[in-house]
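# Remarks on the overall topology
Here are the chains, one letter per residue:
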Amino acid sequence: MEELGMLPGVPHLRSLAEVRELVEAVSPLYVRFSGGPVADAATVSRDHESGCLLPGLSVNPLTPEPWWDREVEHWLARQLCQYAHLLAPDRYPWALTGEIAGRGPDCEPLLVATTAVASIDRSVVDEAARLYARVFHPGADGR
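These notes cover the structure that comes with them. (Residues numbered from 1 in each chain as written. Predicted model: local features only at pLDDT ≥ 70, side-chain atom pairs only at ≥ 80, totals over all residues. Heavy atoms only, no water.)

Turning our attention to the pattern of salt bridges. All told, the structure shown has four salt bridges when counted by the stated rule. For the salt bridge of aspartate 121 with arginine 14, the shortest nitrogen-to-oxygen distance reads 3.4 Å. Of this pair, aspartate 121 sits in the loop between strand S6 (109–120) and helix H4 (122–135) while arginine 14 sits in the loop between strand S1 (12–13) and helix H1 (16–25), placing them 107 residues apart in sequence. Across the pair arginine 32 and aspartate 40 runs a salt bridge, and its minimum N-O distance is 2.6 Å. The class of arginine 32 is buried, set by a relative accessible area of 13%. For aspartate 40, a relative accessible area of 9% translates into the label buried. The network of salt bridges with shared partners includes Arg20, Glu24 and Glu73. (Salt bridge = Lys/Arg side-chain N within 4 Å of Asp/Glu carboxyl O. Helix = DSSP H or I, 4+ residues; strand = E, 2+ residues; numbered from the N terminus. Buried < 20%, exposed > 50% of the residue type's maximum accessible area, 1.4 Å probe, protein only.)

Next up on the list: H1. For H1, the set of buried residues is Leu16, Val19, Leu22 and Val23. All buried residues of H1 project into a common sector of 120° when viewed along the axis, lining one side. Seen from the buried face of H1, the exposed residues on the opposite side, beyond 90 degrees, are Glu24 and Ala25. (Arc of directions from axis to C-beta.)

Our next topic: the packing of helix H3 (residues 72–82) against H4. Each pair of packed helices can be described by the angle between their axes along with the distance between the axes. Between H3 and H4, whose axes approach to 8 Å, the crossing angle comes to 110°. It follows that H3 is roughly perpendicular to H4 by the angle criterion. For the pair H3 and H4, the sense of crossing is left-handed. Between H3 and H4, the contacting residues are Glu73, His74, Ala77, Arg78, Leu80 and Cys81 on the first element and Val124, Ala128, Ala129, Leu131, Tyr132 and Val135 on the second. (Axes fitted to C-alpha atoms, helices over the stretch in contact; angles between N-to-C directions. Parallel < 35°, antiparallel > 145°, perpendicular 65-115°, else oblique. Left-handed = near helix turned anticlockwise from the far one by under 90°. Contact = heavy atoms within 4.5 Å.)

Before going further, it helps to spend a moment on the side chain of glutamate 108. Relative to the helices and strands, glutamate 108 resides in the loop between strand S5 (92–103) and S6. In this structure glutamate 108 is buried but unpaired, with arginine 103 as the nearest side chain of opposite charge at 7.5 Å. Within the structure, glutamate 108 has its side chain in polar contact with the backbone nitrogen of aspartate 106 (distance 2.9 Å). Not counting residues within four places of it along the chain, the set of residues in contact with glutamate 108 comprises Ser58, Val59, Tyr83, Gly102 and Arg103. (Lys, Arg positive; Asp, Glu negative; His and termini not counted. Polar contact = N/O pair within 3.5 Å; in protein donor to acceptor, adjacent residues only side chain to side chain.)

Moving on to the pairing of strand S2 (residues 30–34). In terms of burial, S2 is a largely internal element, five of the five residues being buried. Residues Tyr30, Arg32 and Ser34 of S2 are buried on one face, and the alternating residues Val31 and Phe33, pointing to the opposite face, are buried as well. Where S2 meets strand S4 (residues 60–61), two bridges bridge the pair, whose relative direction is antiparallel. Looking at the pairing, tyrosine 30 lines up with proline 61 of S4. Bridging between S2 and S5 involves five bridges; their strand directions are antiparallel. By the bridge assignment, serine 34 is partnered in S5 with tyrosine 92. (Pairing = 2+ DSSP bridges.)

Dropping the structure here:
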């Protein structure tokens, strides 16, 4: 049985630097905030607003896009903060790979045939939030 936030047989990442090292070794890599792969295998993913069944697990890309010209840690901070509101006592971030089966309502990848690659300590999300606040301008409208 897995301890919440710790996945057996895979690394437990404790810093953005460790997440960056994994992203540089495994591509593409995604993050999911949930009860983990065992909990996800026992449920069906649905769009919460419409109730529509989703054809895969909703994830956020950890691998930077080719156009990204900033530090990898900046991308990671942004991606981890994007869904940090999903953290709960029974949910934690974990890194995975898989096949894209479609896109969700927020244009996020939906994965099938997933493989857990690492668990990510909650403290990494805190580190990401501090970096995000320092290097980004949330709410800027692009003008």
